[in-house]
Structures are given as structure tokens and as C-alpha cells.
Amino acid sequence: MTQTRPLSVAVIGAGPAGIYASDILSKSGLDVDIDLFERLPAPYGLVRYGVAPDHPRIKQIIVALYKILQRGDIRLLGNVNVGTDITVEDLHAHYDAVIFATGSDKDAPLDIPGVDLPQCYGAADFVSWYDAHPDYPREWPLEAKEIAVLGVGNVALDVARVLAKHVEDLLVTEIPENVAEGLRKSPVTDVHVFGRRGPAQVKFTPLELRELGHQPDVDVIVYEEDFDFDEGSEKAIASSNQTKQVVKALTNYAMQEEHTASRRIHIHMFHSPVEILADENGNVRALKTERTRLVGDGSVEGTGEFVETPVQAVYRAIGYFSSPIEGIPFDQQRGVIPNEAGRVLGENGQPLTGIYATGWVKRGPVGLIGSTKSDAQETIANLVADAQAGKLQATTEAVGHEAMVKLLEERGVAYTTWEGWELLNAFEEELGAQYGEVEGGRGPRERIKVASRKAMTAISRGEDISEIDLVGQPGE
């Protein structure tokens, strides 16, 4: 049967993976209509809710994503949760193809004794708190003077930086008042970042690592005894300019002799977490690590030497993990949707017709924006091939945007749109303008985030918010 209408595609998740996949599909040469679904009232996914507000690259990424969605050919349907508001069957009914780009939203587990102590936290939860995610608590227990952060990626750096930074220097960002108030009360003096391997194996990116040393009244301390390089390390440095820059930045920190700031970030390499130790009241008192050594190929082994570092809280930043979606296969071990080059696989190992995955839910939480783009290109190439082969067809005649909007309205789902995001975006910028200059000549506030889902939705839908608290509570 020759298809006379455009191909209708639903993309689930309006973070970078979903937006880039939509953009690539829109330029693929297919005659296509694209609806981009997002479970939150606002787009951008982990760029808005998973990166520190003072992250050096965040604004450039958001500008790029904004330009794609502003064109208007990709239609946003926000505040719609697949699994509760609509089902996978609903998507099958109204779209010829569905791409899942739901990302990774939970912390990867860490299996060591003491990880269940009350002061042990997942970095993803902490990031969601300081990024004003509407579904997370509005308060965070910041009572520790000494804190351990486990992991040597950019999320670990973000967490360490936000914990150590003086709140006055974060006020120029978009954090709402509840986050500023929580950080203002923090008694922190020392944040210890721990990694199992050496300087040539850490996963920091050079810009983020250098930025760490630019926080007022915060020293970065790296230890000379943590510098060791084997043949695998030398190869990594020789073959990667990024690794070379990271090692140089760490070396520069190690060479600094004067440390006079009131707060310190310590970077410890060759330390493998073994146990989180409790005091007599069952609260965190220390992190026990085993010193490791390189074995030649860049990997490490334990030395049998153990170190205890006094801390009163531990944050694990060892990676993210995806959540399953009802009606879609899920690999519980790897935390991904099983797929072959983006085509989702059923229980029999065969591709499911018209169902695709891209981004972290496809490949796991690795790689930066460049990886997300190439990942999307692979998935879209296979979708286009399937469309050209005539394999893609919705299960009903009521296909596309209008049919889905009708269904959402029948179910009373308060969905949001791109025009609604423009309203919310302008509202947050106006909140920042009303705040004015941050004391100490730090400059103006560009925006203040609205944390309440109820308020975000109402603003986006042009409704009255005079009786709504902008911070609100999760689960509204």
C-alpha cells in the first residue's frame, strides 16, 4: 500500500538525545511529522536537570537545542508521562514509529559495606535537588564538614564544586531560593574526590577540571604521591590530547604549594572504595579505601594498603542507570533498552517493528554530546531504511499530532507545548531580572528556576499562578 500522508513519528524524551534524533530525522529526506514527548513540563532533559547550573558549557548546549525546537517543525508535548498518561499501545495506535530517548535518570549501584548508611547519597539525586527538579525533595541534608565524592567524571566534579563553592558565587546562576538557603547553611570545609586509577585514566574533561580551580576561596589539592604512569598510561597520553591536558591540569594543581582558602577540594587517585564506616550511632564517620597500583596496561590492582579518610557524608558519582518503561523490553543488568543499532529487540531477539532507541537508554551512560549525535544518526538511518521498505504503519487510522492531542485532552492531561516553554522561559528570566545584581559585584541573575511542577505547568498554559508557590513540593 502506498502511503499518501507523511510518516508520523513520536520521540520520547526531550533531552539532547531526543532533540538531536528529531533534528536528524527532520532532515533525512523523508516526508515526516514529529511529536517530541517529555514527562516534565520543560524540555532539555539532563542539560536542565542533570548538570550543575555553573557548568561552563551548559549555555552553549541549551542555545543549540533551543534553535532546533524554535523552528516549529518538531512539536513538543510536555508534562506527558509514557506509562501513566499514555501507554506504548497508545503510541503504536497514533504513530508509525516511536523512538525512545529517555536517558538515564538514576544512580548506578555501588556494592560495598556501609553504602546504605543514612548519609550516603546518589549524585543523581543531589544534582536533581540543586537543579530544582520538580519531582525531588525541596530540602537536602547538608550537615557534614568533610565529604567524600566517589568517581572521577564530570558529574563528580559538578557535585564537588557545588558542595565546596560559596553560595554567593552560585547566586548568579538559576538556583531557586530553597537551594540557595540549603547551601548557605552548609558547614563544609573539605570535599574529597576519590578515583580507583591514575591521572591518565580519570574521566574529567580538561575545561571542567581547569574551571575547578577558579572558585573564589576554594583550593584544589592534588597529591604528588598519586602520580604514576605505566606503559598503558603513556600510550593514553600520547594518543589523546584530552588526556594530555587533564594530566597537565592535575600536575599544575599538585605543584601549588600555598593553600589558604577556607574550603578545599582534594582529588585522590589510586584509591578504591572498600567500605563506608559508621560511628556508634550508625552515622557515617569515614571512608575506607585500598591503595591501588598500575599493572602495565592502564588497569590497577589492590596493594593491601588501606586508608581511612574522616568524612561525615558520601556521594557516589559512579555513573547513571536508566529506568524501564512499561511495555518496552529492558535489560535490568545493563540498564538499557536491548537493541541492535537502535532497533529495539523483543524477547526472541528479533527487532520490534517501528520501535527504536537512542542516547543513553540505547548505549548506556557514556559519551558526551558528540556521541549522542552519532548515536542518533545510526538509529535514524535504520528508521529511514525501515520506512522506505514500507515496514512502518500505525495500528489505527487516527494518526499523528491532532489525534494525540485529542486523546490527551479526553484524559485530562495538562500537556505543555513549545509556546508554553517560551512563556516559562520568559517568566524565569523575569524572576532573575527582578532579583537584580548579586552582591559583591558578581553581576546580574540571568534567571531563577521555577521548581514547582504545578507552577511550571500553569505558567506554560497561560493560567493564573497568583495562589501557587513557585517552589512547591514534589508529587504535586
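Residues numbered from 1 in each chain as written. Predicted model: local features only at pLDDT ≥ 70, side-chain atom pairs only at ≥ 80, totals over all residues. Heavy atoms only, no water.

1. Side note on the sheet that holds strand 1 (residues 7-12)
- Strand order in the open sheet formed by seven strands is 3-2-1-4-18-17-16, with mixed pairing between adjacent strands. For this open sheet the edge positions go to strand 3 (74-77) and strand 16 (339-340), each flanked by a neighbour on one side alone.
- With two bridges connecting them, strand 17 (residues 343-345) and strand 18 (residues 351-357) associate as antiparallel partners. Residue pairing in the sheet places R343 in a bridge with Y356 of strand 18.
- Here helix 1 (residues 16-26) sits on the sheet and contacts strand 1, strand 2 (32-37) and strand 3; the angle it forms with strand 2, its principal contact strand, is near 175 degrees. (Pairing = 2+ DSSP bridges. Helix = DSSP H or I, 4+ residues; strand = E, 2+ residues; numbered from the N terminus. Contact = heavy atoms within 4.5 Å. Axes fitted to C-alpha atoms, helices over the stretch in contact; angles between N-to-C directions.)

2. A closer look at the nonpolar core
- Counting 55 residues, the largest nonpolar core has F126, V149, L163, L209, I267 and Y315 as the members making the most contacts within it.
- Sorting elements by how many residues they give to this core places helix 6 (residues 154-164) first, with seven residues.
- The contacts of Y315, once residues within four sequence positions are left out, are Y121, F126, W140, L142, I147, A148, V149, L150, V159 and L163.
- Listed in part, the 44 residues of the second largest apolar core include I58, L65, L383 and I448. (Core = buried A, V, L, I, M, F, W, Y, C linked by side-chain atoms within 4.5 Å. Buried < 20%, exposed > 50% of the residue type's maximum accessible area, 1.4 Å probe, protein only.)

3. Brief notes about helix 3 (residues 58-70)
- Counted at 1.5 Å a residue, the expected span for helix 3 with its 13 residues is 18 Å, and the 18 Å between its end C-alpha atoms agrees.
- All of the buried residues in helix 3 are I58, L65, I68 and L69. Viewed along the axis of helix 3, the buried residues span an arc of 95 degrees, placing them on a single side of the element. Facing away from the buried surface of helix 3 by more than 90 degrees, the exposed residues are K59, Q60 and K67.
- For helix 3, the secondary structure elements touched by its buried residues are helix 1, strand 2, helix 2 (46-49), strand 3 and helix 14 (418-435). (Expected span 1.5 Å × (residues − 1). Arc of directions from axis to C-beta.)

4. Some points on helix 15 (residues 453-460)
- Most of helix 15 is tucked away, with seven of its eight residues classed as buried.
- Elements in contact with the buried residues of helix 15: helix 2 and helix 14.
- Between a side-chain oxygen at the N-terminus of helix 15 and the backbone nitrogen of K454 the separation is 3.3 Å; the capping residue is S452.
- G462 sits one or two residues past helix 15 and shows a positive phi near 70 degrees. (Polar contact = N/O pair within 3.5 Å; in protein donor to acceptor, adjacent residues only side chain to side chain.)

5. What about the sheet that holds strand 12 (residues 284-294)?
- Spatially, the three strands line up as an open sheet ordered 11-12-13, and their pairing is antiparallel. Strands at the two margins of the open sheet, each flanked by one partner only, are strand 11 (271-278) and strand 13 (300-310). Between one strand and the next, the sheet's axes are offset by a mean angle of 20 degrees, whatever the strand orientation.
- Two strands pair when backbone bridges link them, and strand 11 and strand 12 are joined in this way by seven bridges, in the antiparallel orientation. In the sheet register, P273 faces strand 12, and the bridge partner there is T289.

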